[in-house]
Each structure stands twice: as structure tokens, then as C-alpha cells.
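Report on the structure
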Amino acid sequence: MTALFQTALDELAAVLGRIDEARVDEVCRLLAAANKVGTHGLGREGLQMRGFAMRMFHLGMPVGVLGDMTMPPLGTGDVFLTSSGPGETTTILTLMKVAKEAGATVVLLTAEAEGSAAKLADVTLLVPAQTMATDQGLAKTSVLPMGSAFEGALFVLFEVMVLKLKDLLAASPDEMRARHTNME
């Protein structure tokens, strides 16, 4: 493995090592108990969120991705899971308000514990990584460009959350595989 690969992996490991696992467990319990889960993220964060939604579907959870025509309405007993690395994304802030007004619990993944989105969320899961808002000058902490450290950490975090949800829901690998599309 080249030094560049090792540097990238070390940076992601450092971010993941600073995530509060008790908070991860809390979020997993909220998701597992939700009547429905709605997910949303923008850009590459949104791609990670869509992948996580797919795995929640494989686990048998009632999940929708905002923007898809099959996204259900959210209300009391539901969770709106969203991501805003910089914590100030106006679209995310607006959607969080809509979800809260409908009675849903808002769970936010962010790198900015003091951002506007964190103050609005019911539950915040801090992913302490460089984002687009902190990728220049003295704030720069990663060799990875722009928000890649945050997005890469989301991917690994979501894979761990799938394992935790699998245990909470007592879902077997065979059940998960049976829910995978056959339209490929």
C-alpha cells in the first residue's frame, strides 16, 4: 500500500475513532423503533445517505429517500435522518423544520456541533471530519479534498450502523438478501 492510501485510511480511522459510539447506538435504536424513516443528504453526502437507506430497506425497515417519488409523508413516530457536514445547509435546515412541524424526530449527522442544523435537530451524531466548509487555510485537516473525509467517514459509519441495526432487528443475511432487487 502506498503512503497516500495509508494517509487517507489513517485520517478516516482518526475521524471514526472520535465518534461517540453510545450516540451511534442511540441513533440505531431510534431508527429501529421508527414507524418510518425518511432520509436526505445533498451531493456526495446524499449518495452515502442513499446507500444507507438501501441497506435499511434490505433490513426490512420502512424507509424512503427524499426526492424519490415513493417517499412517504413523515409524522409522529417517524424519523427524518439527514446530513449536513458544514451544519449550515439552507435546504437541510428547511427540511428539518418541515419534518419537525410534522411531528417527526430529526436526527442529524454533522461535523459542526455548534452549527444551526445541530441546534435544530432532536438528536445530533457528530462526525468530526473536514468538510467543504473547513477544507482551506488553517482549518484544513485532511489530505482528502473538499468534504471527502466527512463523506468517507459516513460510508464506514453507515456500514457499522447496518451491523448494529441487523442485531437490533434480528435480521438474517438471508432475509436481507431476499429483499435485494432481482431487477438487475
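So, a few notes on the structure that sits alongside this text. What you see is a predicted model; the values in this text were computed from it and never measured. (Residues numbered from 1 in each chain as written. Predicted model: local features only at pLDDT ≥ 70, side-chain atom pairs only at ≥ 80, totals over all residues. Heavy atoms only, no water.)

So, the packing of helix α2 (residues 21–33) against helix α6 (residues 148–169)
Contact geometry of α2 with α6 gives a least axis separation of 10 Å together with a crossing angle of 55°. When the axis of α2 is compared with that of α6, the two are oblique. Crossing of α2 over α6 shows right-handed handedness. The segment α2 lies against α6, with Glu21, Val24, Asp25, Val27, Cys28, Arg29, Leu31 and Ala32 engaging Leu157, Met161, Lys164, Leu165, Leu168 and Leu169. Tallied by class, the residues present in the contact of α2 with α6 amount to ten nonpolar, no polar and four charged. (Axes fitted to C-alpha atoms, helices over the stretch in contact; angles between N-to-C directions. Helix = DSSP H or I, 4+ residues; strand = E, 2+ residues; numbered from the N terminus. Parallel < 35°, antiparallel > 145°, perpendicular 65-115°, else oblique. Left-handed = near helix turned anticlockwise from the far one by under 90°. Contact = heavy atoms within 4.5 Å. Nonpolar A, V, L, I, M, F, W, Y, C, P; charged D, E, K, R; others polar.)

A short note on the packing of aromatic side chains
Any two aromatic rings considered together are summarised by their centre-to-centre distance and by the angle between their planes. Evaluated as defined, the whole model comprises one aromatic pair. Taking 4.4 Å as the distance between ring centres and 5° as the angle between the ring planes, the aromatic pair formed by Phe52 and Phe158 counts as stacked. Note that Phe52 is positioned in helix α3 (residues 43–58) and Phe158 in helix α6, a separation of 106 residues in sequence. Accessibility assignment for this pair places Phe52 and Phe158 in one class, buried. (Phe/Tyr/Trp six-rings, centres within 6.5 Å; stacked < 30°, edge-to-face > 60°. Buried < 20%, exposed > 50% of the residue type's maximum accessible area, 1.4 Å probe, protein only.)

Side note on the nonpolar core
One broad rule of soluble globular proteins: the nonpolar side chains tend to lie buried together. Formed by 36 residues in total, the largest nonpolar core has its most connected members in Leu31, Phe52, Leu81, Leu109, Val127, Leu157 and Met161. Elements supplying a minimum of two residues to this core: α1 (3–17), α2, α3, β3 (79–83), β4 (105–110), β5 (123–126) and α6. (Core = buried A, V, L, I, M, F, W, Y, C linked by side-chain atoms within 4.5 Å.)

Section: the sheet that holds β4
Ordered by their spatial adjacency, five strands build an open sheet running β2-β1-β3-β4-β5, and the pairing between neighbours is parallel. Among the strands making up the open sheet, the edge pair consists of β2 (63–65) and β5. On average, each strand axis in the sheet is inclined to that of its neighbour by 20°, with strand direction left out of account. Bridging between β3 and β4 involves five bridges; their strand directions are parallel. Within the sheet, the bridge partner assigned to Ser83 lies in β4 and is Leu109. (Pairing = 2+ DSSP bridges.)

Purely geometric numbers; function is a separate question.
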